[in-house]
Amino acid sequence: MYTKNSGLNQGAVLMLIASLAFIGYALVFLYRNFAGSGFELGVDTLNGVTRDNLNALNPAIVHYIGHLHVATAGFIAATGIAVAALSWFGVRRGEWWAWIAAVASPVVGLAVALPYHYTGTFAFNWVTHLGPIYVATLVFVVGALLALRAMVRPT
């Protein structure tokens, strides 16, 4: 059942925009693996060691890191696609199951991935490395809360 509730619509649209940003981040992540000079977005060196330095020392390690980046990009994109579909086709209609799944998916991914960034084991530019995800997450949270408010207090 499609609803014309503007809060629900606005929330679902913001969730959709954020999920498209997740997909965009995944595409940049994937592109940088094959065409970038650093290790990933915002990580040019690992404690002063460049990708070329590491490749000269042990190419298998660079290929292994690349394989992990490709897999990570795939999972980020897959999550973005799923959340986009859930937001547009479920949340926008006021479906609780869709809201729960759309919120739970990125929350689990971020809860697993983000804490490791703060262990201090490698240096990175947080603005370029995590900034895009934080912005997309903020947009997503605002959208999810707008949609939740509309679902809890339907007009």
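The shown structure was predicted, so the numbers you read here are calculated from the model rather than taken from an experiment. (Residues numbered from 1 in each chain as written. Predicted model: local features only at pLDDT ≥ 70, side-chain atom pairs only at ≥ 80, totals over all residues. Heavy atoms only, no water.)

A closer look at helix 1 (residues 6-35)
The α-helix winds at 3.6 residues per turn, so residues separated by three or four positions along the chain end up facing the same way.
Piece 1. Its 30 residues give helix 1 an end-to-end C-alpha distance of 42 Å, which sits within 8% of 44 Å, the value for a rise of 1.5 Å per residue.
Piece 2. Its side-chain oxygen at 2.9 Å from the backbone nitrogen of Gly-7, Asn-5 defines the N-terminal cap of helix 1. (Helix = DSSP H or I, 4+ residues; strand = E, 2+ residues; numbered from the N terminus. Expected span 1.5 Å × (residues − 1). Polar contact = N/O pair within 3.5 Å; in protein donor to acceptor, adjacent residues only side chain to side chain.)

Side note on the nonpolar core
Piece 1. Within the largest apolar cluster, 16 residues are counted, with the highest numbers of intra-cluster contacts made by Met-15, Val-91, Trp-99 and Phe-140.
Piece 2. Of all the elements in the fold, those that place two or more residues in this core are helix 1, helix 3 (59-89), helix 4 (96-113) and helix 6 (131-152).
Piece 3. Top element by residues in this core is helix 6. It accounts for 5 residues.
Piece 4. With near-sequence residues (within four places) excluded, Trp-99 lies in contact with Met-15, Val-91, Ala-144, Ala-147, Leu-148 and Met-151.
Piece 5. Counting 7 residues, the second largest nonpolar core, distinct from the first, contains Phe-22, Leu-41, Ala-73 and Ala-136. (Core = buried A, V, L, I, M, F, W, Y, C linked by side-chain atoms within 4.5 Å. Buried < 20%, exposed > 50% of the residue type's maximum accessible area, 1.4 Å probe, protein only. Contact = heavy atoms within 4.5 Å.)

Considering the pattern of salt bridges
Piece 1. For the structure shown, the criterion picks out 1 salt bridge.
Piece 2. We note a salt bridge from Asp-44 to Arg-32, for which the minimum N-O separation is 3.9 Å. Residue Asp-44 is found in the loop between helix 1 and strand 1 (45-46), and its partner Arg-32 is found in helix 1; the two are separated by 12 residues along the sequence.
Piece 3. The class for Asp-44 is exposed, based on a relative accessible area of 51%.
Piece 4. According to the relative accessible area criterion, Arg-32 is buried, its value standing at 19%. (Salt bridge = Lys/Arg side-chain N within 4 Å of Asp/Glu carboxyl O.)

Re a nonpolar patch on the surface
Piece 1. A contiguous nonpolar patch, built from Leu-27, Leu-30, Phe-34 and Val-70 and spanning about 380 Å² of accessible area, is present on the exposed surface.
Piece 2. With 3 residues, helix 1 is the largest single contributor of residues to the nonpolar patch.
Piece 3. One can find Val-70 in helix 3.
Piece 4. For Val-70, a relative accessible area of 31% translates into the label partly exposed. (Patch = residues over 30% accessible without salt bridge, like charges linked within 9 Å, V, L, I, M, F, W, Y side chains within 5 Å. Areas by Shrake-Rupley, 256 points an atom, 1.4 Å probe, with all protein chains shown as cover.)

A closer look at the packing of helix 1 against helix 3
Piece 1. Here helix 1 crosses helix 3 at 165°, and the two axes come no closer than 8 Å. In terms of their interaxial angle, helix 1 and helix 3 are classed as roughly antiparallel. Crossing handedness for the pair helix 1 and helix 3: left-handed.
Piece 2. Residue classes in the contact of helix 1 with helix 3 are distributed as 19 nonpolar, 7 polar and no charged. (Axes fitted to C-alpha atoms, helices over the stretch in contact; angles between N-to-C directions. Parallel < 35°, antiparallel > 145°, perpendicular 65-115°, else oblique. Left-handed = near helix turned anticlockwise from the far one by under 90°. Nonpolar A, V, L, I, M, F, W, Y, C, P; charged D, E, K, R; others polar.)

Quick notes on the environment of Ala-136
Piece 1. Counting through the fold element by element, Ala-136 comes out in helix 6.
Piece 2. Ignoring any residue separated from it by four or fewer positions in sequence, one finds Ala-136 in contact with Ala-18, Ala-21 and Phe-22.

Considerations on the layout of surface pockets
Piece 1. The computed volume of the largest pocket comes to approximately 840 Å³.
Piece 2. Phe-29, Thr-72, Ile-76, Ala-113 and His-117 are the residues nearest the centre of the largest pocket, which is lined by 28 residues in total.
Piece 3. For the lining of the largest pocket, the elements supplying multiple residues, two or more each, are helix 1, helix 3 and helix 4.
Piece 4. Of the residues contributing to the lining of the largest pocket, the split by class is 19 nonpolar, 8 polar and 1 charged. (1 Å grid on protein atoms, 1.4 Å probe; cavity = no way out; pocket = protein on both sides within 12 Å on 5 of 7 lines; lining within 4 Å. Points joined across faces, edges and corners; volume = space filled by probe spheres on them.)

What to know about unusual backbone geometry
When glycine is set aside, most residues are seen to have a negative phi, and most peptide bonds are trans.
Piece 1. Unusually for a residue other than glycine, Asn-47 sits at a positive phi of about 50°.
Piece 2. Take Asn-47: it is sitting in the loop between strand 1 and strand 2 (49-50).
Piece 3. Look at Asn-47 and you get exposed, because its relative accessible area is 57%.

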